[in-house]
Amino acid sequence: MVPLTVRAEAGKTCISTATEALPRITGLVVKKSRTRPVPAAILASWKGQSRPVIIDVDTEALGEAQTYSYMCVVTQGSAFVQRTMN
């Protein structure tokens, strides 16, 4: 079992990295971000040592809301994100 403080710190690192990975759109504003578990289907074939999480980043640009989702894994203190389709 991973201690809660380690998971919380990994979540912060993942959210920060996912926010940096957002597309460069003029006027893009982050409204909210959150973590959620990776679907069981992905975990079933996951071979990494660190457990991934999904980061959802709610944004708004030019009055249009959009959510960007990224799969994130923290390895040796660094977060790696890859955009996923919602």
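1. Things to note about the overall build of the chain
- Each helix and strand counted, the chain has two helices and four strands in total.
- Secondary structure elements of the chain occur, N-terminal to C-terminal, as α-β-α-β-β-β.
- A burial count over the chain gives 23% of its 86 residues as buried.
- Taking the intrachain contacts of the chain between residues at least 6 apart in sequence as the baseline, contacts between residues at least 24 apart amount to 46%.
- As presented, the chain carries roughly 6,100 Å² of accessible surface, and 56% of it is formed by carbon and sulfur atoms.

2. Some thoughts on the nonpolar core
- Core analysis: the biggest nonpolar cluster contains nine residues, these being Cys14, Ala18, Leu22, Ile55, Val57, Tyr68, Tyr70, Cys72 and Ala79.
- At the level of elements, helix H1 (4–20), strand S2 (53–61) and strand S3 (64–75) are the ones that each hand at least two residues to this core.
- In terms of residues, this core owes the most to one element, S3, which gives three residues.
- Not counting residues within four places of it along the chain, the set of residues in contact with Ile55 comprises Cys14, Ile15, Ala18, Arg34, Thr35, Tyr68, Ser69, Tyr70 and Cys72.

3. Topic: the confidence of the model for the chain
- For the chain, per-residue confidence averages 89 on the pLDDT scale, and 90% of positions sit at 70 or higher.
- Averaged pLDDT values for the elements of the chain fall to 82 in H1 and rise to 96 in S2.

4. Description of the environment of Leu43
- In this structure, Leu43 sits in helix H2 (residues 40–44).
- Sequence spacing of Leu43 and Val53 is 10 residues, and the spatial spacing of their C-alpha atoms is 10.0 Å.
- If near-sequence neighbours (up to four positions away) are discounted, Leu43 is found in contact with Val38, Arg51 and Pro52.

Criteria and thresholds
- Residues numbered from 1 in each chain as written.
- Predicted model: local features only at pLDDT ≥ 70, side-chain atom pairs only at ≥ 80, totals over all residues.
- Heavy atoms only, no water.
- Helix = DSSP H or I, 4+ residues; strand = E, 2+ residues; numbered from the N terminus.
- Buried < 20%, exposed > 50% of the residue type's maximum accessible area, 1.4 Å probe, protein only.
- Contact = heavy atoms within 4.5 Å.
- Areas by Shrake-Rupley, 256 points an atom, 1.4 Å probe, with all protein chains shown as cover.
- Core = buried A, V, L, I, M, F, W, Y, C linked by side-chain atoms within 4.5 Å.
- pLDDT = per-residue confidence, 0-100.

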